[in-house]
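Structural overview
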Amino acid sequence: RDSAASERIRVSALASDSRMVNIKNYPKFTTGKQHIKEVKLYLDVHPDNDDGSISNVWIMNPTDRKKYNNVEEDIDIMLSTSEIPPGKHTFFVQAEDSNGYLGPVSSIF
């Protein structure tokens, strides 16, 4: 693609770790209420298949442009269409909290 003809698209989401989760039969194992640490956007690759060699993965940013510091963060990223091959695609988003727990994967086609 001609980079001069590329456009920009915005991908946005809300990452939240505001709910407390207790895993049955593990009363000392609780998660929830930690700060969001990082949110990744994947193009056409499910996060479970990320072996570290995937190039179409981006770190999303808090919309307030500050560091991640809340249990809920509005996040976004601007991508150039030149970074995305022509065709139909699926975006996957996954957040990680400050304790290292990965949240559920959300996707859109």
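The structure displayed is predicted, hence computed values, not measured ones.

The rules we used
- Residues numbered from 1 in each chain as written.
- Predicted model: local features only at pLDDT ≥ 70, side-chain atom pairs only at ≥ 80, totals over all residues.
- Heavy atoms only, no water.
- Helix = DSSP H or I, 4+ residues; strand = E, 2+ residues; numbered from the N terminus.
- Buried < 20%, exposed > 50% of the residue type's maximum accessible area, 1.4 Å probe, protein only.
- Contact = heavy atoms within 4.5 Å.
- Areas by Shrake-Rupley, 256 points an atom, 1.4 Å probe, with all protein chains shown as cover.
- Polar contact = N/O pair within 3.5 Å; in protein donor to acceptor, adjacent residues only side chain to side chain.
- Pairing = 2+ DSSP bridges.
- Axes fitted to C-alpha atoms, helices over the stretch in contact; angles between N-to-C directions.
- pLDDT = per-residue confidence, 0-100.

**Points about the overall build of the chain**
In terms of regular secondary structure, the chain is built from zero helices and nine strands. Each helix and strand of the chain, placed in order from N terminus to C terminus, yields the pattern β-β-β-β-β-β-β-β-β. Counting all 109 residues of the chain, 30% fall into the buried class. Counting only contacts in the chain whose residues sit at least 6 apart along the sequence, the fraction spanning at least 24 positions is 57%. Accessible surface for the chain amounts to roughly 7400 Å². Of this, 49% is attributable to carbon and sulfur atoms.

**With respect to the environment of Val57**
Locating Val57 in the fold gives a position in strand β5 (residues 57-59). A relative accessible area of 24% means that Val57 is categorised as partly exposed. Distance from Val57 to Val45, taken between C-alpha atoms, is 8.5 Å for residues 12 residues apart in sequence. The residues contacting Val57, other than those within four sequence positions of it, are Leu41 and Tyr42.

**Considering unusual backbone geometry**
Despite not being glycine, Asp44 has its phi angle at roughly 65°, a positive value. Mapped onto the elements of the fold, Asp44 is located in the loop between β4 (36-43) and β5. Positive phi values are uncommon outside glycine, yet Arg65 reaches one of about 60°. Locating Arg65 in the fold gives a position in the loop between β6 (61-62) and β7 (72-80). What makes Arg65 exposed here is its relative accessible area of 54%.

**Notes on the side chain of Ser80**
Mapped onto the secondary structure, Ser80 falls in strand β7. A distance of 2.7 Å separates a polar atom in the side chain of Ser80 from a polar atom in the side chain of Ser82. Once residues within four sequence positions are removed from consideration, Ser80 is found in contact with Ser6, Glu7 and Arg8.

**Some words on the sheet that holds β4**
The sheet built from four strands is open, its strands ordered β5-β4-β8-β9 with antiparallel pairing. Edge positions in the sheet fall to β5 and β9 (106-108), since each has one partner strand and no second. Averaged over all pairs of adjacent strands, the angle between their axes in this sheet comes to 20°, without regard to strand direction. Summarising the sheet, strand β8 (residues 91-97) and β9 pair through three bridges and their orientation is antiparallel. Paired with Phe91 across the two strands is Ile108, which belongs to β9.

**Examining the confidence of the model for the chain**
Of the residues in the chain, 84% reach a pLDDT of 70 or more, and the chain-wide mean stands at 86. The secondary structure element of the chain with the lowest average pLDDT is strand β3 (residues 30-31), at 64, and the one with the highest is β4, at 95.

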